[in-house]
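# Architecture at a glance
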Amino acid sequence: ENIIKKFPEGFLWGGATAANQFEGGYKEGGKGLSTSDVMTGGTHTTPRRITPVLEEGTYYPSHEAIDFYHRYKEDIKLFADMGFKVFRMSIAWTRIFPNGDDAQPSEEGLKFYDDVFTELKKYNIEPLVTISHYEAPYNLTQKYNGWSDRRVVDFYVKYCETIFNRYKDKVKYWLTFNEINCLTMPFGTFMAGAIMPEGNGELSANIKDNPQLRYQALHHQFIASAKAVKLGHQINKDFKIGCMIAYMTSYALTCNPEDVFLAQQKDNLSNFLCSDVQVRGAYPGFAKRYFKENNINIAMEEGDEQILREGCVDFYTFSYYMSVCVSADPNQEKIGGNLSMGLKNPYLKASAWEWQIDPKGLRWTLNNIYNRYQIPLMVVENGLGAADTVEADGSINDDYRIEYLREHIKEMKEAVVDGVDLMGYTPWGCIDLVSAGTGEMKKRYGLIYVDKDNDGKGTLDRSPKKSFYWYKKVIDTNGENL
Ligand code: BG6
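Residues numbered from 1 in each chain as written. Predicted model: local features only at pLDDT ≥ 70, side-chain atom pairs only at ≥ 80, totals over all residues.

Our next topic: the sheet that holds strand β7 (residues 240–246). Read once around its circumference, the closed barrel built from 8 strands follows the order β1-β3-β4-β5-β7-β9-β13-β14, with strand pairing classed as parallel. Direction aside, the axes of adjacent strands within the sheet are offset by 30 degrees on average. The pairing of strand β1 (residues 12–16) with strand β14 (residues 422–425) spans 2 bridges and is parallel. Following the sheet pairing, Leu12 is matched in β14 by Gly424. Across the sheet, helix α12 (residues 359–373) is in contact with β9 (315–319), β13 (377–381) and β14; its angle to β13 comes to roughly 140 degrees. (Pairing = 2+ DSSP bridges. Helix = DSSP H or I, 4+ residues; strand = E, 2+ residues; numbered from the N terminus. Axes fitted to C-alpha atoms, helices over the stretch in contact; angles between N-to-C directions. Contact = placed C-beta atoms within 7 Å.)

With 6 of its 7 residues buried, β7 lies for the most part within the structure. The sheet contact formed by strand β5 (residues 173–175) and β7 spans 3 bridges and is parallel. Following the sheet pairing, Tyr173 is matched in β7 by Lys240. As defined by bridge partners, β7 adjoins β9 across 5 bridges and the pair is classed as parallel. Bridging across to β9, Ile245 finds its partner in Phe318. (Buried ≥ 20, exposed ≤ 12 C-beta atoms within 10 Å, placed from the backbone.)

Put simply, helix α2 (residues 68–82) and helix α4 (residues 107–122) touch, their axes get as near as 10 Å, and they point 20 degrees apart. Viewed along their axes, α2 and α4 adopt a mutual orientation that is roughly parallel. The two elements α2 and α4 meet at a crossing, and its hand is right-handed. Contact with α2, carried on its side by Tyr72, Lys73 and Ile76, involves Val116, Glu119 and Leu120 of α4 and no other residues of that element. A breakdown of the residues in the contact of α2 with α4 according to their chemical character gives 4 nonpolar, no polar and 2 charged. (Parallel < 35°, antiparallel > 145°, perpendicular 65-115°, else oblique. Left-handed = near helix turned anticlockwise from the far one by under 90°. Nonpolar A, V, L, I, M, F, W, Y, C, P; charged D, E, K, R; others polar.)

Note on placement: Leu366 falls in helix α12. Residues Leu366 and Met378 lie 12 residues apart in sequence; the distance between their C-alpha atoms is 9.1 Å. Those residues in contact with Leu366 that lie beyond four places of it in its chain are Leu377, Met412, Ala415, Val420 and Leu422.

Another point: the packing of α12 against helix α13 (residues 399–418). Running from amino to carboxyl end, α12 crosses α13 at an angle of 30 degrees, the nearest separation of the two axes being 8 Å. Compared by their axis directions, α12 and α13 come out roughly parallel. Two packed elements cross with a definite hand, and for α12 against α13 that hand is right-handed. Only Glu407, His408, Lys410, Glu411, Met412, Glu414, Ala415 and Asp418 of α13 make contact with α12, whose side of the interface consists of Pro359, Lys360, Leu362, Arg363, Leu366 and Asn367. Classifying every residue of the contact of α12 with α13 gives 5 nonpolar, 2 polar and 7 charged.

Once that is clear, we can look at α2. Its 15 residues give α2 an end-to-end C-alpha distance of only 18 Å, which falls more than 12% under 21 Å, the value for a rise of 1.5 Å per residue. Remark: the principal bend of α2, roughly 40 degrees, maps to Glu74. When we look at burial in α2, the residues that qualify are Phe68, Tyr69, Arg71, Asp75, Ile76, Leu78, Phe79 and Met82. (Expected span 1.5 Å × (residues − 1). Bend = angle between axes of the 7 residues up to and from the residue.)

Moving on to the pairing of β13. The element β13 is extensively covered by neighbouring structure, given that 5 of its 5 residues are classed as buried. Pairing analysis gives 4 bridges linking β9 to β13, with the strands arranged parallel. Note on β13: the bridge partner recorded for Ser319 is Glu381. Of the strand pairs in this sheet, β13 and β14 are connected by 3 bridges, and their pairing is parallel. Its bridge partner lying in β14, Met378 is registered against Gly424. Regarding topology, α13 serves as the crossover connection from β13 to the parallel β14, and that connection is right-handed. (Right-handed = clockwise from strand over helix to strand, strands pointing away.)

Here it is, written out as structure tokens:
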């Protein structure tokens, strides 16, 4: 009872976004077409499609998104009003190298992020920059089939070198790849790997899969990430460069040892495979076994092992939204819409998009990760995707979102007392933005409402929700006033 529960001084409170989901301006400032720009809108039940050629009359949510490109000053001001210490954003690779393999970077693209960082600096908000968040120049898909081709490593490293040098005095915190472990799952093929999937272009759990290509692409991303870490530290020794994992917390559905083992195996193969490589600098034994048993042959070049060893990250970040159950019995009820992620947990409630809400699971997850690595952690995505109602007086009373965030923050605080070295917290979509999974606007995470609907209609006006004022108080009291 005498234990003092507090967040550490200097805890990085903020919010998270990604260029392809909120910037818009997809053809402006010399920007090239990215993989996300050829993805149509969808819904919880209708998968998004990849269209190799842009279709007349089809809605592509990334093209305008929420137009941060023109409204960044207004948006950053709102983040500052909430008291943000950190702002997670990504750089659109296609603003810097429109085709990915260009000889020279685009000055106009570089200038845009200079302006954004200057604006953040005005309010003392530290940027946390994801270098590649679910998008690559579409030209790299067309010419090289994305990350399946080793040459893409060099294009990425050149892109990193360009932005590291340009922003070395403006940005300290970097993440090499968003949710890099998505490539361990079939639906990550295009979004994370920029590889054109075979089949009808629908992004669903049933996507036609090619594990060989996927894991080869993942190897290339590991090499690219490790090279970026090493290079970044040479350019500025104070850089902190992290990995970013989509943490899929999976519990055994029963105490049947078969279920318990399966849960551990899933934890290893889906969650820890990537971070073992990025944090420890080598493939773990269970990965090698998995590759052998599944006839996956990773083509490695001489020197790759050394590259991985020399490119270990400084900190570990992850997204956490929910947990699922796993069972050795194939007849259990699946949940999770068209990207079905696991089994129903009878003890948990789920969101309207069938994501099971599990605050305690965040404490479990933080401890689980920290037990393994003992390096600083950061929760860089968390939140509730929900439809909001705008009242007649314009207010948005999102008590459900406040409750979700509050319960997760409480568990983070417990984890800090457990001894976890936690640097910060950036809830996802601090301003409403396009859903990555479904392409919808209706699935809102924001503390700031954006007037735009699933068909792309709306004024794009911003308005603070009830959660905005609540979160401001949370930050103001360093997590005391929940
Ligand atoms: C993470 C991604 O998987 O989850 C984000 O890094 C994404 O890009 C977020 O938006 C929430 O998922 P969704 O499908 O609800 O947008």
